[in-house]
Amino acid sequence: MVYYDSHVHTAFSTDSDTQMEQMVLQGIQNGLHGLTFTDHMDYHFPQNGNWDAGESHPPFTFDLDAYFPQVKKLQEKYKDTIQIYCGVEIGLKEDAYGENVLLSQREQLDYCIGSTHLVHDMDPYDRQYWDAYDEKAGIEIYFEETLKNLKAKDIHIDTLGHLDYIVRYSPSGYRMYSYQMFADIIDEILRLIIDREISLEVNTAGYKNGGPMPNPNEDIIRRYRELGGERITFGSDAHETEQLCSRFHDAETIVRNAGFDYYVTFVHHKPVFHTWH
């Protein structure tokens, strides 16, 4: 079983209202051994009116000076019950390079997810993106942007987040997507993360709202293993308590069938290997 959720959002993220302690209590109830808070830090996220972060900070950013003490407080309070780690989901973006380098070097962090959420300052969540590109081109450009973002070596990334995230929002609802359609660029991404010892996240939020797969899909997980990839992390991408470690059993089955003998979590950016039990 998977006892660690390595992708958890709270009210520090623009798109969540859930308090940190609520997530901790839910994790305990679910029988987790540990969870990692990974709230969104997407510097220079376009202010297009879809997200209201309030006047104190731009959308998809938060106050690190409040975040770190809150995590530490919960670590101390629940130290005998559940392991709590401090992470962040970094929105990879060319014009945020400098900020992301500095963020990824913060000594308080155990873990950094590197995720691509935007392409040319457009969010695939919005119809604007799909008005600009036909479906196949829009997906391919997203993978190209992901590869470009990953080549920024000075940003310390432990895990690549939700590799094929974009298909959650594709107009056809997954019908215009398969690993085989984009194999060349996906393989290039996988080889890069293997070479740099960046783990591949299996993100179960792809199952939300009737979605048929985690991100990335089963074929990509198998291909990662075929190419020599060994490091898998599990994340629910939970923004609400009921989403915490959701569908982990299904994701675990896919990963084990692909030939993985363990999964990883991170403490002070060092991998910890967990066998199935």
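Rules and cut-offs
- Residues numbered from 1 in each chain as written.
- Predicted model: local features only at pLDDT ≥ 70, side-chain atom pairs only at ≥ 80, totals over all residues.
- Heavy atoms only, no water.
- Helix = DSSP H or I, 4+ residues; strand = E, 2+ residues; numbered from the N terminus.
- Core = buried A, V, L, I, M, F, W, Y, C linked by side-chain atoms within 4.5 Å.
- Buried < 20%, exposed > 50% of the residue type's maximum accessible area, 1.4 Å probe, protein only.
- Contact = heavy atoms within 4.5 Å.
- Salt bridge = Lys/Arg side-chain N within 4 Å of Asp/Glu carboxyl O.
- Pairing = 2+ DSSP bridges.
- Right-handed = clockwise from strand over helix to strand, strands pointing away.

**Comments concerning unusual backbone geometry**
Each neighbour pair has its own omega, and for Asn215 with Pro216 the value is 0°, a cis peptide bond. Here Tyr174, not a glycine, exhibits a phi torsion of approximately 85°, which is positive. Checked against the element boundaries, Tyr174 lands in the loop between β5 (159-160) and α6 (183-195). The backbone phi angle of Glu197 is positive, close to 55°, even though this residue is not glycine. Mapped onto the secondary structure, Glu197 falls in the loop between α6 and β6 (199-203).

**Concerning the nonpolar core**
Counting residues in hydrophobic clusters, the biggest one holds 83 residues, and the most contacted among them are Phe37, Tyr67, Phe143, Ile186 and Phe234. In terms of residue count, α6 provides more of this core than any other element does, 7 residues in total. Apart from residues no more than four positions distant in its own chain, Phe234 is found in contact with Val2, Tyr4, Asp5, Ser6, His7, Val202, Phe248, Ala251, Glu252, Val255, Tyr263 and Trp276.

**Observations regarding the pattern of salt bridges**
Throughout the structure, instances matching the rule amount to 13 salt bridges. A salt bridge links Asp187 to Arg223; the nearest nitrogen and oxygen atoms lie 3.1 Å apart. Here Arg223 lies in helix α7 (residues 218-226) and Asp187 lies in helix α6, a separation of 36 residues in the sequence. Per residue, the accessibility class of Asp187 equals that of Arg223, and both read buried. In this structure, Arg223 and Glu226 form a salt bridge, with 3.3 Å as the shortest nitrogen-oxygen distance. Here the residue Arg223 and the residue Glu226 both occupy positions in helix α7, the gap between them amounting to 3 residues, near one helical turn. Sharing partners across several salt bridges, the network here consists of Lys93, Asp95 and Asp121.

**Some points on the pairing of strand β3 (residues 83-91)**
Along β3, 8 of the 9 residues are buried, which leaves the element largely enclosed by surrounding structure. Two strands pair when backbone bridges link them, and strand β2 (residues 34-41) and β3 are joined in this way by 8 bridges, in the parallel orientation. The partner of His40 across the bridge, within β3, is Glu89. Two elements, β3 and strand β4 (residues 111-115), share 5 bridges in a ladder whose sense is parallel. When the bridges of β4 are listed, Glu89 appears paired with Ile113. In terms of handedness, the path from β3 via helix α3 (residues 97-104) over to β4 forms a crossover that is right-handed.

**Some words on the environment of Tyr85**
Positionally, Tyr85 belongs in strand β3. The spatial distance from the C-alpha of Tyr85 to the C-alpha of Gln19 is 16 Å, given a sequence separation of 66 residues. The residues contacting Tyr85, other than those within four sequence positions of it, are Tyr4, Leu35, Thr36, Phe37, Val71, Gln75, Asp110, Phe266 and Val267.

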